[in-house]
Amino acid sequence: GRPNTGLLALHALALRAACQPPGAAPPVLQRLKFALDKDWRGSRRHGHPLTNYYQYGLGALAMCVQGRPLKEEVTRRLLEAQRRGRMGAGGGSAVDTEAVVGLAFACLLRAGPPHGSLATELRAAVRALHAKLLRARNPDGFLGNVFSTPLAMQFFIATNACSSEPALSEAGSSLLSSLDNFTNPMALSQLLPVLYGRSYLDVASISCEGEDDTLRPIHPSVPPVGPGSITVRLLVECPKKLCRHHVPYNHSVSVPAGSSLLAVLEAASKQQSHAFTFKTQDSLHGPFLTVVMKVEAKARDRRYWQILSAPDTSLQMGIADYRPRDGETIILRLSKR
């Protein structure tokens, strides 16, 4: 199966942040080292890790935050990808990936910079990423989009750039005015450190003295389903060379009020009179669409299923998080990156 680099990296970061008892992390870190090796085997065939550079960079960051030595070849692979502008390879947001890899580079420099040319290359990469992420700022003040901004801000916080860049104050203000967008647990975990002026790198120096083990697991509340039902129109657009018709599906779907877009897709797939089919794949941010009407999104062809609210508003939330309005039209459009 595919390496679970990203999940293991998040597990390692969480253990450190939760002041894990001695001996709790090593098994996870051993598995993470194995996953990093397995992940890179994909590069021989695809030109990028089997997962993507986001997960590969997150793995490097977690190893560094845990104070574990990182193979020089792992660092050099990330440096090479950064120099060649390959951060978007394998799928995912380039801004997110550049920010995570930048955090890994900053961690390596902070932990005791390697000697010789590698240290020089790391410092040059951090400067280049600093400039590139600033260029990703859009008119709303976000760096990339609302959900990529927290990781980008973490990178700037970790490299002490926030006080000298007015654009970053604007990005912070834009985040504060957009907190209602953050319902996904993964997105929240990236945002919360920023609200306290911290980054994932601060997990490395967290003080665990005086911890009284008061953390208790919580059961997330499911948003209440409102009374009655809503009707959502679902429209699929696909090039004729891949589908028999340009619009192979265009029908209304009824679901309980407050339902997620994923629930809409599931309801559509159960309608007897209109054959709608789809498949999803799990990601660090929840399920994402991979197949619609038997047509697969393929990273190597830079082909993906874009989700829009008619007429042309691209949705930033995942299908499990977005809750359509009554009468809304959702478009699933096969697009090229």
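About the criteria used
- Throughout, a residue's number is its position along its own chain's written sequence, starting from 1.
- Totals for whole chains, interfaces and linings use all residues, but because this is a predicted model, local features are given only for residues with pLDDT of at least 70 and pairs of side-chain atoms are given and counted only at 80 or more.
- As a rule here, side-chain values come from all non-hydrogen atoms in the structure, and water together with hydrogens is ignored.
- UniProt positions are given in the numbering used here, feature names are shortened, and annotations may be inferred rather than shown by experiment.
- The secondary structure listing takes helices from DSSP runs of H or I that are at least 4 residues long and strands from runs of E that are at least 2 residues long, numbered from the N terminus.
- Three exposure classes are used, based on accessible area relative to the maximum for each residue type with a 1.4 Å probe and protein chains only: buried under 20%, partly exposed in between, and exposed over 50%.
- Any two residues having at least one pair of non-hydrogen atoms within 4.5 Å are treated as being in contact.
- Areas reported as accessible are Shrake-Rupley estimates using a 1.4 Å probe. Residue values count occlusion only from the protein chains shown.
- The nonpolar core is taken to be a set of buried Ala, Val, Leu, Ile, Met, Phe, Trp, Tyr and Cys residues, with the residues joined through side-chain atoms within 4.5 Å.
- Nonpolar side chains (Val, Leu, Ile, Met, Phe, Trp, Tyr) are joined into patches within 5 Å and like charges within 9 Å, using only residues with over 30% relative accessible area and no salt bridge.
- When a carboxyl oxygen of Asp or Glu is within 4 Å of a side-chain nitrogen of Lys or Arg, the pair counts as a salt bridge.
- Charge counting treats Lys and Arg as positive and Asp and Glu as negative, with His and both chain ends excluded.
- A charged residue contributes its charge at one atom only: NZ of Lys, CZ of Arg, CG of Asp or CD of Glu.
- Within 6.5 Å between ring centres, the rings of Phe, Tyr and Trp (the latter by its six-membered ring) count as paired, and their orientation is classed by plane angle as stacked under 30 degrees, edge-to-face over 60, tilted in between.
- Note on disulfides: each one is a pair of cysteine sulfur atoms within 2.5 Å.
- At least two DSSP bridges between two strands are required for those strands to pair.

The protein chain has the name Transcobalamin-2 in an unreviewed UniProt entry, where Crypturellus soui is given as its organism. According to the UniProt record, the Subunit (unreviewed entry) comment for the protein chain reads "Interacts with CD320 (via LDL-receptor class A domains)." Recorded under Subcellular location (unreviewed entry), the UniProt text for the protein chain is reproduced unchanged: "Secreted".

A.B. asks: How should I be thinking about the overall build of the protein chain in this particular structure?
C.D. replies: A count of helical and extended segments in the protein chain gives eleven helices and eight strands. Taken over 337 residues, the protein chain has a buried fraction of 46%. A separation of at least 24 residues holds for 63% of the contacts in the protein chain among residues at least 6 apart in sequence. Split by element, the accessible area of the protein chain, about 17,600 Å² in all, is 52% carbon and sulfur.

A.B. asks: Looking at this model, I keep getting lost on the nonpolar core. Mind explaining?
C.D. replies: Side chains of nonpolar character tend, in soluble globular proteins, to be buried together. Counting residues in hydrophobic clusters, the biggest one holds 71 residues, and the most contacted among them are L58, L61, F105, F155, F156 and L175. When residues of this core are assigned to their parent elements, the largest contribution, eleven residues, is made by helix α6 (residues 94-110). Residue contacts for L175: discarding those within four places in its chain leaves F142, V146, T149, P150, M153, F182, L191 and V194. Counting residues in each nonpolar core, the second largest holds 30 residues, with I230, V232, Y249 and I330 among its members.

A.B. asks: Just to check I follow, could you spell out the UniProt feature "binding site: cyanocob(III)alamin" (unreviewed entry) in the protein chain for this structure?
C.D. replies: Within this numbering scheme, the UniProt entry marks T51, N52, Y53, Y54, Q55, D96, N145, Q190 and L315 as carrying the feature "binding site: cyanocob(III)alamin" (unreviewed entry). Within the secondary structure, Q55 sits in helix α4 (residues 53-65). Exposure remark for Q55: the relative accessible area of 17% places this residue in the buried category. Residues contacting Q55, with those up to four places away along its chain left out, are T5, G6 and L284. The residue N145 is located in the loop between α7 (117-135) and α8 (149-158) in this model.

A.B. asks: In this structure, what is going on with a positive patch on the surface? I would like to understand it.
C.D. replies: Taken together, the side chains of R86, K241, R302 and K336 present a region of like positive charge at the surface. Turning to its location among the elements, R302 is positioned in the loop between β5 (295-296) and β6 (303-309).

A.B. asks: Sorry if this is basic, but what is going on with the packing of aromatic side chains here?
C.D. replies: For any two aromatic rings, the description comes down to two numbers: the centre-to-centre distance and the angle of the planes. Scanning the model with the defined rule gives six aromatic pairs in all. Ring plane angle 70 degrees and centroid distance 5.2 Å describe the contact between F147 and F182, whose orientation is recorded as edge-to-face. Within this pair, whereas F147 is found in the loop between α7 and α8, its partner F182 is found in the loop between α9 (166-176) and α10 (185-195), the two being separated by 35 residues in sequence. Taken together through their ring pairs, the aromatic side chains of W40, Y53 and Y56 make up a single cluster.

A.B. asks: Quick question: what am I supposed to make of the state of the cysteines here?
C.D. replies: Cysteine pairs can be linked by a disulfide, which is a covalent bond between their two sulfur atoms. Across all of its chains, the model carries one disulfide by this definition. The partner cysteine of C64 in its disulfide is C107, sulfur to sulfur 2.1 Å. Classification of the bridge connecting C64 and C107 rests on its S-S torsion, roughly -100 degrees, and on that basis the disulfide is left-handed. In this pair, C64 sits in helix α4 while C107 sits in helix α6, placing the two residues 43 residues apart along the sequence. Side by side, C64 and C107 carry an identical accessibility label, which is buried.

A.B. asks: Help me understand a nonpolar patch on the surface, please; the structure alone is not making it clear to me.
C.D. replies: Taken together, the side chains of L176, L179, L192, L195 and Y196 define a hydrophobic patch exposed on the protein surface, amounting to about 510 Å² of accessible area. In this structure, L176 sits in helix α9. L176 gets classed as exposed once you look at its relative accessible area, which sits at 55%.

A.B. asks: Honestly, the pairing of strand β8 (residues 329-336) in this entry has me stumped. Any pointers?
C.D. replies: Across five bridges, strand β1 (residues 229-237) lies against β8 in parallel orientation. Of the residues in β8, the one forming a bridge with L234 is I330. Strand direction decides the pairing type here: β6 and β8, joined by seven bridges, are antiparallel. Its bridge partner lying in β8, S309 is registered against I330.

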